[in-house]
Amino acid sequence: MTEWHSANLGAVLNTLGSNPDSGLSTHQVDKRLIEYGPNTLKERGPKSPWRILWEQLTAVMIIVLIIAAAASVFLHDYKDAAAILTIVILNAVLGFVQEYRAEKAMAALKRLATPAVKVRRNGEVQEISAVGLVPGDIFFLEVGGIVPADGRLLEAVNLRVQESVLTGESLPVEKNASFLSEDDLTLGDRLNMVYKGTVVTYGRGIVVTTATGMDTELGRIAEMIQAVEAESTPLQRRMAALGRTLGIIAIVIVAVVVTLGLLRGEDLKTMFLTGVSLAVAAVPEGLPAAVTIALALGAQRMLRRRALIRKLPAVETLGLVTKICSDKTGTLTENRMVVTTLALPAEEAPGRIRDIDLPAEGQVLPDELLSPIALGLLTAGALCNDALLSFNEKEDRHSYIGDPTEGALVVAAARTGMQKADLETFMPRVAEIPFTSERKRMTTIHRMIENRSKALSYVYPWQSESFVSFSKGATGSILEICEKVWVDGSAQPMNKNRRDWIVEANNRLSGSGLRVLGVAFRNLGSLPATAQEEEIERDFIFLGLIGMMDPPRQEAKEAVAVCRRSGIDPVMITGDHPLTALAIARELGITEKQKVITGQELEKLTPGELTEMVEDAAVYARVSPEHKLKIVEAFKLKGHVVAMTGDGVNDAPALKKADIGIAMGITGTDVSKEAADMVLLDDNFATIVAAAEEGRVIYDNIRKFLKYLMTTNFGEILVLFVGMLTAMPVPLAPLQILWINLVTDGLPALALAVEPAEREAMNRPPPDTKKGIFADGLGVHILWVGALMAVVSLGLGYWAWQANNNTWQTMLFTTLALSQLGHVMAIRTGKVSLFKAGILSNKPMFGAVVLTVALQITVIYVPWFRDIFGTVPLTAVEMLICFILGSVVFWMVETEKWFLRLSDARLR
């Protein structure tokens, strides 16, 4: 049996072989533990250190570098081989440390405690570990407890369960043990069932266990997560493609150089060594290390901003995101109910109902909210209430213990200066009629000990009565017991017009996404003999309506605005009610439309139809875990880079499928954290935007690495190729090629990792991942700047060679090295002038350039190095010429940026 909710209760117990009076026997439990296993979810163990290391060493670019190191050993160039292997090891260590630390951090985030549960076995109530539950067990639910397994309710007394981890519904669901005939009800509508991982917020219940472990709804979602295959990130795909391309280029270089050399009559061995040296130089061995360092530093900066990166490539992918599919409850909202509106009957008000909006906490309360009638409405809501008021010192605001709806009422009263404990000192509760799902209201009776509130005495004739009764609940239920309505300071008959005003106001507030409660009161001359419904719940005076909602986070609206400004579209995907979802989405600026697509509508769409219309709406409501997964897949088929945020178990499959899965660190479940690429340690939506900005900085810096390394390597290749086509000797010796490649491509390239963000980073659309890695002018830049380097260096060398100057090769060698250093300084900023950004704005870069210049001078003037690299000392004039010509590239790139600024209004 799978549809437990729609089966007769007797059939359920018979199928499970359970007796509600005695429970299971020890023998039955032992047998079922063997059959069904423990009540736990099967988890994949943490990634082993060896697997993490293997993944670091088997990337395509790293394999190319290892081959290059082997070639260097073959050439007996052990220094270069050692340098390349050092970079490989550095890259592996940095990647390993980051991912290993993330695994450890995730382990620390897990909840280690296993909840206990009360069960009835062998006719006695026992307390056991929830791990030992088996199907057929009878267990008990109490306020604050976590539901330990899926089950059918045998008894429910005012039971409410918070199911947001499964359904996304922000409000607790009222449960009952009644029979439901519909077979195809969604989880949120199966009111006679409870599910593993949800939380009891009110009342109590008795349950027969229907499923444990991986057979629960929670376990079904865990299986969905494991079925979703991890995909490589855009960065990983691009780096792999680049590695394959460079491998082919290296082979071609060797063949061409050897062929040209033989045609010139050069020695085969010399030309082979030169070709292999140039092939090694063509491979930017500094790129993987530079990328890894940039990602690691970005991850560390994100951690300081409360975002834990579990996988390094996720840092760069954040900069490419075009869609953020966000859950509502706890992500965009505060995951707590707050009173936002009071609606009071008033003869002179438009529509005969006057609305009073409550401002956000910390703001000044309007005078009308402190009026006697408004205070009376809040007093009634706070006293007809079982929640306890508290104060959250950490967040500097009122808090509560108990049901979220009732908690919102006591907090609202406290904001006006009426603490529930103070109210109860002069209006203590003496009797009550508890809330039931059939009546949909709660009624309390209070003794008037002493009137300490001038406002309340003005509203009601407290002095003439000894007792007062308050009732709150669904508006329709409250109207059933009301004979009058309080209008402008007096009780008036409840005629049809006034009843219509109230119903219309209730529908209006509900339509705006609020949860609405009606409140009424009745004065009593004496305490009734018995607190019976028929005797107490009659002749009430309708007081007003209270509207409440789970409010948006204060910083979420600005975060959404930043997203839109930067070309990122936020999309709300929630299990909550469509009207509530739309109200929050419109308030945050996620959408201006009225369109909401529901889970029922999604069920009717084929995958192709969903892909066609997935961009038509920014709000999806009443969706299931399968729907979230389908929406993410549809966005990806449309070519979007998708980030999915969430905290519930129901979010986990979509988190794993998305390009970037973002889980909540505080309210998030362990399952969602395990599925995510990033964990928000502060559950703050604004942190996602900060992380996206950091991702764009990393993406920009990686492109700068590529621009620098590929340009310099292209320049070196052109120098050698063009030089060999002339009558002059081979322009560069093999060791000189490797020196330039090692020194100029080393420290300066790594210093790009700490280049600060450019001011337009979040004022432009994200990069188009459909374009190649050399798109957006990168390839053109590599060609013309590499050619310029070659022309300047080779031109100077050819001129000196024609003048029979034995320093020609050293001058060419030095000019090429200085050109590359000028280039790296110029490309630190995309369009902004380096002088405006500040030469010292990246101090590591400035230090790396100065150190590299010093090393180049050492190679020229220190005898031991001269012997190794075949250089000769340059005169002061010759060195000055090298510096002047070496700066040509810098000035030309700055000129290019000047033209780019002219075409960009943001930078003028």
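Residues numbered from 1 in each chain as written. Predicted model: local features only at pLDDT ≥ 70, side-chain atom pairs only at ≥ 80, totals over all residues. Heavy atoms only, no water.

## Some remarks on the overall build of the protein chain
Helix and strand counts for the protein chain stand at 35 helices and 26 strands. Counting every position in the protein chain, which comprises 908 residues, the buried fraction comes to 57%. (Helix = DSSP H or I, 4+ residues; strand = E, 2+ residues; numbered from the N terminus. Buried < 20%, exposed > 50% of the residue type's maximum accessible area, 1.4 Å probe, protein only.)

## Topic: the side chain of Thr 322
Here Thr 322 shows up in the loop between helix H11 (313-318) and strand E9 (323-326). Thr 322 gets classed as buried once you look at its relative accessible area, which sits at 16%. With near-sequence residues (within four places) excluded, Thr 322 lies in contact with Gly 567, Ile 568, Asp 569, His 640, Val 641 and Pro 766. (Contact = heavy atoms within 4.5 Å.)

## A word on the packing of helix H29 (residues 778-802) against helix H30 (residues 808-826)
H30 packs onto H29 with a crossing angle of 155° between their chain directions and a minimal axis gap of 8 Å. The angle between H29 and H30 places the two elements in the roughly antiparallel class. In this structure, H29 meets H30 at a crossing whose hand is right-handed. Within the contact between the two elements, H29 uses His 781, Val 785, Met 789, Val 792, Ser 793, Leu 794, Leu 796, Gly 797, Ala 800 and Trp 801 and H30 uses Trp 808, Met 811, Leu 812, Thr 815, Leu 816, Ser 819, Gln 820 and His 823. Considering only residue class, the contact of H29 with H30 consists of 11 nonpolar, 7 polar and no charged. (Axes fitted to C-alpha atoms, helices over the stretch in contact; angles between N-to-C directions. Parallel < 35°, antiparallel > 145°, perpendicular 65-115°, else oblique. Left-handed = near helix turned anticlockwise from the far one by under 90°. Nonpolar A, V, L, I, M, F, W, Y, C, P; charged D, E, K, R; others polar.)

## Points about the pattern of salt bridges
Going through the model one piece at a time under the given rule, you end up with 23 salt bridges. A salt bridge links Lys 118 to Glu 142, with the nearest nitrogen and oxygen atoms 3.4 Å apart. With Lys 118 in strand E1 (residues 116-121) and Glu 142 in the loop between strand E3 (138-141) and strand E4 (150-162), this residue pair connects regions lying 24 residues apart in the sequence. Between Glu 480 and Arg 441 there is a salt bridge; the shortest N-O distance is 3.7 Å. Of the two residues, Glu 480 sits in the loop between helix H16 (475-479) and strand E17 (482-487) while Arg 441 sits in strand E15 (residues 441-447), which places them 39 residues apart along the sequence. With a relative accessible area of 8%, Arg 441 lands in the buried category. (Salt bridge = Lys/Arg side-chain N within 4 Å of Asp/Glu carboxyl O.)

## Looking at the packing of helix H26 (residues 685-725) against H30
Interhelical geometry of H26 versus H30 gives an angle of 160° and a closest axis separation of 10 Å. By the angle between their axes, H26 is roughly antiparallel relative to H30. The handedness of the crossing between H26 and H30 is right-handed. Within the contact between the two elements, H26 uses Lys 707, Tyr 708, Thr 711, Thr 712, Glu 716 and Val 719 and H30 uses Leu 812, Leu 816, Gln 820, His 823 and Val 824. Per-class residue counts for the contact of H26 with H30 are 5 nonpolar, 4 polar and 2 charged.

## Notes on a nonpolar patch on the surface
Residues Phe 835, Ile 839, Leu 840, Phe 846, Val 850 and Trp 891 make up a contiguous nonpolar surface patch of about 570 Å² in total accessible area. Relative to the helices and strands, Phe 835 is located in helix H31 (residues 834-837). On the basis of relative accessibility, which here comes to 47%, the residue Phe 835 falls in the partly exposed class. (Patch = residues over 30% accessible without salt bridge, like charges linked within 9 Å, V, L, I, M, F, W, Y side chains within 5 Å. Areas by Shrake-Rupley, 256 points an atom, 1.4 Å probe, with all protein chains shown as cover.)

## Here's the deal with the sheet that holds strand E23 (residues 619-621)
The mixed open sheet is built from 8 strands, whose spatial order is E8-E26-E25-E24-E9-E21-E23-E22. What marks the edges here is a single partner per strand, and that holds for strand E8 (307-309) and strand E22 (597-598). Contacting E9, strand E21 (569-573), E23 and strand E24 (642-646), helix H23 (residues 625-637) runs over the sheet at an angle of about 160° to E24. (Pairing = 2+ DSSP bridges.)

## Thoughts on the side chain of Ser 833
Position of Ser 833 relative to the elements: it lies in the loop between H30 and H31. At a separation of 3.2 Å, a polar atom in the side chain of Ser 833 contacts the main-chain amide nitrogen of Phe 835. Sequence-distant contacts of Ser 833, that is, excluding residues within four places in its chain, are made with Glu 894, Lys 897 and Arg 901. (Polar contact = N/O pair within 3.5 Å; in protein donor to acceptor, adjacent residues only side chain to side chain.)

## Topic: helix H13 (residues 404-415)
The first and last C-alpha atoms of H13 sit 16 Å apart over 12 residues, in line with the 16 Å expected at 1.5 Å per residue. Burial analysis of H13 places 12 of its 12 residues in the buried class, which makes it a mostly covered element. Every buried residue of H13 is listed here: Pro 404, Thr 405, Glu 406, Gly 407, Ala 408, Leu 409, Val 410, Val 411, Ala 412, Ala 413, Ala 414 and Arg 415. N-capping of H13 is provided by Asp 403, with a side-chain oxygen placed 3.0 Å from the backbone N of Thr 405. Gly 417 occupies a position one or two residues after H13 and carries a positive phi of about 95°. (Expected span 1.5 Å × (residues − 1).)

## Quick notes on unusual backbone geometry
The backbone phi angle of Asn 158 is positive, close to 50°, even though this residue is not glycine. Of note, the phi angle at Lys 440 is positive, near 60°, even though the residue is not glycine. Here Lys 440 is to be found in the loop between strand E14 (429-433) and E15.

## A few points about the pairing of strand E2 (residues 124-129)
In the sheet, E1 pairs with E2 via 6 bridges, with the strands oriented antiparallel. If you follow Val 119 over to E2, its bridge partner there is Gln 126.

## Notes on the environment of Met 572
With respect to the helices, strands and loops of the structure, Met 572 is situated in strand E21. Expressed as a C-alpha distance, the spacing of Met 572 and Ile 324, which sit 248 residues apart in the sequence, is 8.3 Å. What Met 572 contacts, discounting residues up to four positions off in sequence, is Ser 326, Lys 328, Leu 332, Ala 581, Ile 584, Ala 585, Ile 590, Ala 618, Val 619 and Tyr 620.

## Some words on the pairing of E15
With respect to burial, E15 is a largely interior element, 6 of its 7 residues being buried. Here E14 runs beside E15; their pairing, made up of 4 bridges, is antiparallel. Bridging from a neighbouring strand, Ala 431 pairs with Ile 445 of E15. As paired elements, E15 and strand E16 (residues 467-473) share 7 bridges and run antiparallel to each other. Looking at E16, one finds that Arg 441 is bridged to Gly 473.

## A word on the confidence of the model for the protein chain
Interpreting fine coordinate detail is not advised for predicted regions of low pLDDT. Scored by pLDDT, the protein chain has a mean of 81; 82% of the residues are at 70 or more. Averaged over each element, pLDDT in the protein chain is lowest for helix H15 (residues 454-459) (48) and highest for H16 (94). Predicted confidence is poor over residues 105-113, with pLDDT under 50, and the contacts of this stretch with residues over four places away or in other chains come to 18 contacts. (pLDDT = per-residue confidence, 0-100.)

## Concerning the packing of aromatic side chains
A complete count under the given rule lists 7 aromatic pairs for this structure. Each ring, one from Trp 486 and one from Phe 521, has its centre 5.6 Å from the other, and the planes form 65°; the classification is edge-to-face. Here Trp 486 is found in strand E17, whereas its partner Phe 521 is found in strand E19 (residues 515-524), with 35 residues between them in sequence. A relative accessible area of 7% places Trp 486 in the buried class. By relative accessible area, which is 0% here, Phe 521 ends up buried. Measuring from centroid to centroid gives 6.0 Å for Phe 835 and Phe 890, while their planes differ by 90°, and the two rings are edge-to-face. Placement of the pair is Phe 835 in helix H31 and Phe 890 in helix H35 (residues 888-902), with a sequence separation of 55 residues. For Phe 890, a relative accessible area of 11% translates into the label buried. Pairwise contacts between aromatic rings join Phe 835, Phe 890 and Trp 891 into one cluster. (Phe/Tyr/Trp six-rings, centres within 6.5 Å; stacked < 30°, edge-to-face > 60°.)

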